[in-house]
Structure formats: structure tokens, C-alpha cells
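Now for the letters of each chain:
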Amino acid sequence: MLKNGGKRPLVVTGKNVQRAEPLLQLLRLNHIEYSTFSISCEPKIQTIRDGVALAKSENCDWVIGIGGGSVIDAGKAIAAIMTNEGDVLDYVEIIGKGKALTKPSARFLAIPTTAGTGSEVTRNAVLASPEHKLKVSLRSAYMLPAIALVDPELTYDLPRNVTASTGLDALTQVIEPYLCSRANPMTDAICIEGIKRIGRSFRRAFGNGYDVEARADMAVAGLFGGMALANAGLGAVHGFAGPIGGMFSAPHGEICAALLADVMDANLRALRERDSESPVIPRFYHVARLLTGDQINAAEGIQRIRDVVADFKIPRLSSHGIKSDDIPEIVRHAKNASSMKANPIVLTDEELTEILQRAL
Ligand SMILES: [Zn+2]
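Residues numbered from 1 in each chain as written. Predicted model: local features only at pLDDT ≥ 70, side-chain atom pairs only at ≥ 80, totals over all residues. Heavy atoms only, no water.

Draft legend 1. Up close: the packing of helix 8 (residues 252–274) against helix 12 (residues 349–359). Between helix 8 and helix 12, the shortest axis-to-axis distance is 9 Å and the interhelical angle comes to 150°. Crossing of helix 8 over helix 12 shows right-handed handedness. The residues of helix 12 that touch helix 8, namely those facing Ala258, Leu259, Asp262, Val263, Asp265, Ala266, Arg269, Ala270 and Arg274, are Glu351, Glu354, Ile355, Leu356, Arg358 and Ala359. Grouping the constituent residues of the contact of helix 8 with helix 12 by class yields 8 nonpolar, no polar and 7 charged. (Axes fitted to C-alpha atoms, helices over the stretch in contact; angles between N-to-C directions. Helix = DSSP H or I, 4+ residues; strand = E, 2+ residues; numbered from the N terminus. Left-handed = near helix turned anticlockwise from the far one by under 90°. Contact = heavy atoms within 4.5 Å. Nonpolar A, V, L, I, M, F, W, Y, C, P; charged D, E, K, R; others polar.)

This is the structure we're talking about:
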């Protein structure tokens, strides 16, 4: 796999390059010369420019990303712009020209070290533009990684707070596609399996990072979330998470975790009020039962999610600096977010506002 990748890989890593050392050792053992590019936070437009410039100056012809979702997204975007003419802004939505990529990305091997984002099997990379205070996506079918190497062992020594926030992103990404307006039988099957695995293993993985079975369940669920969101869609949690992530520096998983229960609650109420025959309503019961294994109702299921978020000490939105005054702007952006379009019902401004107020 490493020998067939190309001549010289650019290895994209997180802040601590040491964590990639086993991979780098393997490259050296195979006499493969490489360059490394370390990123310290969620990737920005400029991060991609810097990575592409480094890849070109070091004559790299393929890319390996080893790290969390930010690293995988950065690697994916660098691999795409390495082979396509021009600047990354030419190809991003909203703040750029939104042109389509015309050439396949450089070969990209994704090795996630967290169990959550599923970025190793999606076709977009989320990039921040601090000057626009926005997060935007670079998207193309060409961006699907050539290989996703998902090995739960890489997650054993994750810090507890990262296990919690990335796992809650994984949970959101198997729940939202199951409840969304674009759910289909294939993504349903993936989501049902993912919700079950998280239900039985999340607290175990949080309690003991070296619980082999629990880590395997979480790794599979993270992967399934990526497959589900890429083939169905998401909903209001991710509709909010994009704009909030652009305006405030808060980890994506923590934002999703802080919003998940309140969004489910608002969606369920709105569906019962305005679309009481909706086939999505019984799905809230399925989620509750799949997640807990108990014969509980939808409201009790949502409460169990609140309990997990509280027990894992996920900070509230206000601890990231978000205030009531920011809510109108977040709502304005969230309404137009692509994830919001798959929400099972169109939420009113009042409902969107109320969700944020509750999650502050
Ligand atoms: Zn997510």
C-alpha cells in the first residue's frame, strides 16, 4: 500500500508529529522518502495554500493524512489542489468562485486517529476562513480518499475529552442522517448499526481507552457516520455547527454535542405540531431504543443523550464565548447551511433561536 502510493508522500499530521512516528518509521523501513506538514488546529484556507506549496517544493506526488478530522480534511484538500490549477479559493463555495475541480486529486491515504468525523470516507473538506468568520467546504467526488485505513488501536491513547467530543460527533452523524429528509435504506442500515454500537460502547471507551471491543465499536461507528452523511445528509445540529465553528474557536464535536439533544427535541415537537403523519416521528423512538437497549420513549431517549453529554463534561456553548447577542447572526447563517436543508422539517427562526438559547 505504501509502496504503490507514489514517489514521495507529504505526510500531514497534527500538532504532535511524534504521534505519526510509527508510520514514519514504516516509510523509512520501506526506503520511502517523505516530507511532513504539521497542522495545529482546524485547517484554514491558508493552511491548504501552505501545504500545497510545501508539497510542490519538496516534489511530493501523493499525500497521507494521519490524525483527527482536521488533519484528514487538510490532507484531502491539499491532495485536491496539488493537481488542480490555481488557488484553493477558486474551488470553495460561498467565499470563493465555487469552480468544479477538473482533475482527480493526488492519491490520498487517510489514517484517522480519532473515532468521530468519518472524514476518511467523505468527499469534502471543511476549511475555515478567519477573515470571513466562516467555515466553507471544498467538495468534489474526486476528493474521496483512495484508501481509508481505520484502525481502532490508533485511538487507545486519546485523551478522555477527545474521546468524548469526537464520539459525540460520531453519534450525531449516525442520528442526523437517520432522521433526515434524505434518509434511504442503505444509510438507514448503516445508521442503525452505528447507533447500536455507540449505545453499547461509548461509556466503556470513555471509562477505559484500552477497552479493545469498545474502541472497535466507536471506530466502526465513526466510519459509518461518514458514510451515512455522505450518502444522505445531516440536519440542524450540523447546520448550526458550520457557522458557529466559523465564528468561534470551538471543537466541532463539542458544538455538536452541546446541540444534539435540544435539536432533537425541537425537531420532534415541530414534526408533531406541523407534520404529525411524518414517518420520521417513529424514528425518534427507534433512536432511543437502539441507543439504550431499553423500551423507552423518544423523550426519555433524548434525556439519555443529555445525561451522556453532562457526564462527559461537555462544555455548554457559552463557555466558547457565545452570547445571546450572537444568536441572530448564527441563525441567519445556519438557515442557509447545506446541512440544514436535510433537516426533517423546516424550523422557524423562533425555533432555531430557542435551540441556541437552551444550549448556551
Ligand atoms: Zn460532525
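This is not the end of the story, as more comes after the structure.
Draft legend 2. Examining the environment of Phe284 more closely. Mapped onto the elements, Phe284 comes out in helix 9 (residues 281–292). Given a relative accessible area of 2%, Phe284 falls into the buried group. As a C-alpha pair, Phe284 and Ala241 span 43 residues in sequence and 21 Å in three-dimensional space. When neighbours within four sequence positions are excluded, Phe284 is seen to be in contact with Leu179, Met264, Asn267, Leu268, Leu271 and Ala298. (Buried < 20%, exposed > 50% of the residue type's maximum accessible area, 1.4 Å probe, protein only.)

Draft legend 3. Structural detail: the coordination of the zinc ion. At the metal site, the zinc ion is ligated by Asp169 (OD), Gln173 (OE1), His238 (NE2) and His252 (NE2), and these contacts range over 2.0 to 2.1 Å. Sequence spacing among the residues donating to the zinc ion works out to D-x3-Q-x64-H-x13-H. In this pair, Asp169 and Gln173 are both assigned in helix 4 (residues 160–179), 4 residues apart and thus about one turn of the helix distant. Residues Asp169 and Gln173 agree in their burial class; the two are buried. (Donors = N, O, S within 2.8 Å, 3.2 Å for Na, K, Ca; no water.)

Draft legend 4. Layout of the environment of Glu193. For Glu193, the location among the structural elements is in helix 5 (residues 185–207). By relative accessible area, which is 26% here, Glu193 ends up partly exposed. Separated by 28 residues in the primary sequence, Glu193 and Ala221 have C-alpha atoms spaced 7.7 Å apart.

Draft legend 5. Representation of the sheet that holds strand 7 (residues 147–148) within the structure. The strand order across the open sheet formed by 5 strands is 2-1-3-4-7, and the pairing between neighbours is parallel. Each of the sheet's edge strands pairs with one partner strand only, and the pair in question is strand 2 (35–38) and strand 7. Contacts from helix 1 (residues 21–29) reach strand 1 (9–13), strand 2, strand 3 (62–67) and strand 4 (107–112), with the element oriented near 165° to strand 1. Against the sheet, helix 2 (residues 45–57) contacts strand 1 and strand 2, and its axis sits at roughly 170° relative to strand 2. (Pairing = 2+ DSSP bridges.)

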